Amino acid sequence: QVQLVESGGGLVQAGDSLRLSCAASGGTFSLYAMGWFRQAPGKEREFVATISWTGDSTYYADSVKGRFTISRDNAKSTVYLQMDSLKPEDTAVYYCAAASRYDIGPVSAKEYEYWGQGTQVTVSS
């Protein structure tokens, strides 16, 4: 059983940056592909980014490509999401998730086995 805890959310202005962290415990972190998802009020949870268990491969949603960077530190059992040039439409609760059956995480949320509790990101205009 893997436990995931996100941190780093907050209220920022458009154009600012934030770095989210997701600390894992209770499992072998390096065996999991990791993903970040987000959910805005009244909308479905959507894929943001994913990184392979080695950290060598990444994939991003078009809406964040070039602005967000996902990375991981397997020695610290932590995955990060660096968010630059934030926009009001990035406002959402951000979740990290772990998938054990993939080299790199899928874009479908239902393929992930473990989820964190989420951290709120609010971007004001």
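Scroll up a little and you will see the structure.
The notes below deal with the structure included here.

Rules and cut-offs
- Residues numbered from 1 in each chain as written.
- Predicted model: local features only at pLDDT ≥ 70, side-chain atom pairs only at ≥ 80, totals over all residues.
- Heavy atoms only, no water.
- Salt bridge = Lys/Arg side-chain N within 4 Å of Asp/Glu carboxyl O.
- Buried < 20%, exposed > 50% of the residue type's maximum accessible area, 1.4 Å probe, protein only.
- Pairing = 2+ DSSP bridges.
- Helix = DSSP H or I, 4+ residues; strand = E, 2+ residues; numbered from the N terminus.
- Axes fitted to C-alpha atoms, helices over the stretch in contact; angles between N-to-C directions.

Before going further, it helps to spend a moment on the pattern of salt bridges. Tallied over the entire structure, the rule returns six salt bridges. Close ionic contact of Arg-38 with Glu-46 constitutes a salt bridge, the shortest N to O distance being 2.6 Å. On the accessibility criterion, Arg-38 (6% relative accessible area) is buried. Owing to a relative accessible area of 34%, Glu-46 belongs among the partly exposed residues under this scheme.

Here the focus is the sheet that holds strand E7 (residues 68-73). Reading across the sheet, the four strands line up as E1-E3-E8-E7 and stay open at both edges, with antiparallel pairing between neighbours. For this open sheet the edge positions go to strand E1 (3-7) and E7, each flanked by a neighbour on one side alone. Mean inter-strand twist for the sheet, computed between neighbouring axes without regard to direction, equals 15°. Summarising the sheet, E1 and strand E3 (residues 18-25) pair through five bridges and their orientation is antiparallel. Paired with Gln-3 across the bridge in E3 is Ser-25.

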